[in-house]
Amino acid sequence: MQMPAHYDATLQLQHPSFVYCVDIHPKDRSQIVVTGCYDRCVRLWSAQSGVVLGVLSLGSHVNSICFNNSGRRLYCGDGEGIISELSCEVSGEDSASLTMKRANNQLQGASACHVKLSPNQKSLHVLCQGNVLAALDLKHFRIATRYARGTLEDPWTVRVTHVSVLFQVSKH
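All residue numbers here refer to positions counted from 1 along the written sequence of the relevant chain. Owing to the predicted nature of the model, reporting of local features is limited to residues with pLDDT of at least 70; listing and counting of side-chain atom pairs is limited to 80 or more, with chain, interface and lining totals taken over all residues. Heavy atoms from the whole structure form the basis of all side-chain values; hydrogens and water molecules are not counted.

Bringing the overall build of the protein into the picture now. Note on conventions: DSSP H or I runs of at least 4 residues are helices, E runs of at least 2 residues are strands, and numbering of each starts at the N terminus. When helices and strands are tallied, the protein shows 1 helix and 12 strands. In sequence order, the protein lays out its α and β elements as β-β-β-β-β-β-β-β-β-β-β-β-α. When accessible area is computed with a 1.4 Å probe and restricted to protein chains, residues below 20% of their type maximum are described as buried, those above 50% as exposed, and intermediate ones as partly exposed. The burial tally for the protein puts 44% of its 172 residues in the buried class. A fraction of 40% describes how many contacts in the protein between residues 6 or more apart in sequence connect residues 24 or more apart. Here the Shrake-Rupley method, with its probe set to 1.4 Å, supplies the accessible areas, and only the displayed protein chains count as covering residues. When the accessible surface of the protein is split by element, carbon and sulfur atoms take 51% of a total near 9,700 Å². Only heavy atoms enter the contact rule, under which two residues are in contact if any of them lie within 4.5 Å.

Let us look at the pairing of strand 4 (residues 52-57). One ladder, built from 5 bridges, connects strand 3 (residues 41-46) with strand 4; its direction is antiparallel. Bridge pairing in strand 4 links Leu44 to Gly54. Paired strands are those between which DSSP finds at least two bridges. Between strand 3 and strand 4, which follow one another and run antiparallel, lie 5 residues, and Gly50 among them has a positive phi close to 80 degrees.

Turning our attention to the confidence of the model for the protein. Any residue range with low pLDDT should be treated as having predicted coordinates unsuitable for detailed reading. The predictor reports its confidence for every residue as pLDDT, a score running from 0 up to 100. Summary statistics for the protein give a mean pLDDT of 80 and a share of 77% for residues scoring 70 or more. This stretch, residues 151-172, has a pLDDT under 50; its non-local contacts, to residues over four places away or in other chains, come to 25 contacts.

This part takes up the sheet that holds strand 1 (residues 19-24). Taken together, 4 strands build an open sheet; the order of strands is 1-2-3-4 and the sheet is antiparallel. Of all strands in the sheet, those with a lone pairing partner are strand 1 and strand 4, marking the two edges. Sheet twist, expressed as the mean angle between neighbouring strand axes with direction ignored, is 20 degrees. Two strands pair when backbone bridges link them, and strand 1 and strand 2 (residues 32-37) are joined in this way by 5 bridges, in the antiparallel orientation. Each residue of the ladder has a partner; that of Ile24, found in strand 2, is Val33. Whenever a helix is involved, its axis is fitted only over the stretch in contact; in every case the axis is a line through C-alpha atoms, and angles between N-to-C directions fall within 0 to 180 degrees.

A word on the sheet that holds strand 6 (residues 73-78). Here we have 4 strands laid out as an open sheet, ordered 5-6-7-8, and antiparallel in their pairing. On the outer flanks of this sheet lie strand 5 (62-67) and strand 8 (96-104), each paired with one strand and no other. Taking each pair of neighbouring strands and ignoring which way they run, the sheet shows an average axis angle of 25 degrees. Note that strand 6 and strand 7 (residues 83-90) share 5 bridges and pair antiparallel. Its bridge partner lying in strand 7, Tyr75 is registered against Glu85.

Here the focus is the pairing of strand 11 (residues 132-137). The element strand 11 is extensively covered by neighbouring structure, given that 5 of its 6 residues are classed as buried. Here 6 bridges tie strand 10 (residues 123-128) to strand 11, and the two strands are oriented antiparallel to one another. Across the sheet, Leu124 pairs through a bridge with Leu136, a residue of strand 11. Between strand 10 and strand 11, which pair antiparallel one after the other, the connecting turn spans 3 residues, and Gly130 there sits at a positive phi close to 90 degrees.

This part takes up unusual backbone geometry. Positive phi, normally seen in glycine, also occurs at Gln121, with a value near 65 degrees. With respect to the helices, strands and loops of the structure, Gln121 is situated in the loop between strand 9 (112-117) and strand 10. The backbone of Asn131 sits at a positive phi, close to 60 degrees, despite the residue not being glycine. Tracing the sequence through the fold places Asn131 in the loop between strand 10 and strand 11.

Taken together, the side chains of Phe18, Tyr20 and Tyr38 define a hydrophobic patch exposed on the protein surface, amounting to about 360 Å² of accessible area. Position of Phe18 relative to the elements: it lies in the segment before strand 1. For Phe18, a relative accessible area of 62% puts it in the exposed group. Residues form patches when they are more than 30% accessible in relative terms and have no salt bridge. Like charges link within 9 Å. Nonpolar side chains (Val, Leu, Ile, Met, Phe, Trp, Tyr) link within 5 Å. By definition, a salt bridge exists where a carboxyl oxygen of Asp or Glu is found within 4 Å of a side-chain nitrogen of Lys or Arg.

Okay, structure coming up:
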């Protein structure tokens, strides 16, 4: 594929701390990027200009983020195990906002390592520190199933570790 002469594949987004996660808006792929950082902030960026369109501070460093298919909801897992649902409103290439909708603290104390929506968009799968894998029902925003919690000698641990690798691979 031939790139246009004016196309620049590099976009530098200046952050005050370490960036732990990034996702691209599913509907506005060429316009909106979201990042989660060690400084506890989720930032919404214009991919065209590199300008911050919105910032929302959470309770701990942001480890993982993912959009739903429409791009109107953004799910975040933080270092304290709090799972947050944010509203993402995009109204043009230089106008967007983030708003906290609701948070779930049922996994508090176990750092959320990875969040991923199920294919049917009805549950959020959360992998936490300590080999905890949980499914969060998005209708009620409560833990519906906790799949495993164990030590390295526990056979469930091996299965959860294997599933976490599959989550990482399927993200890309």
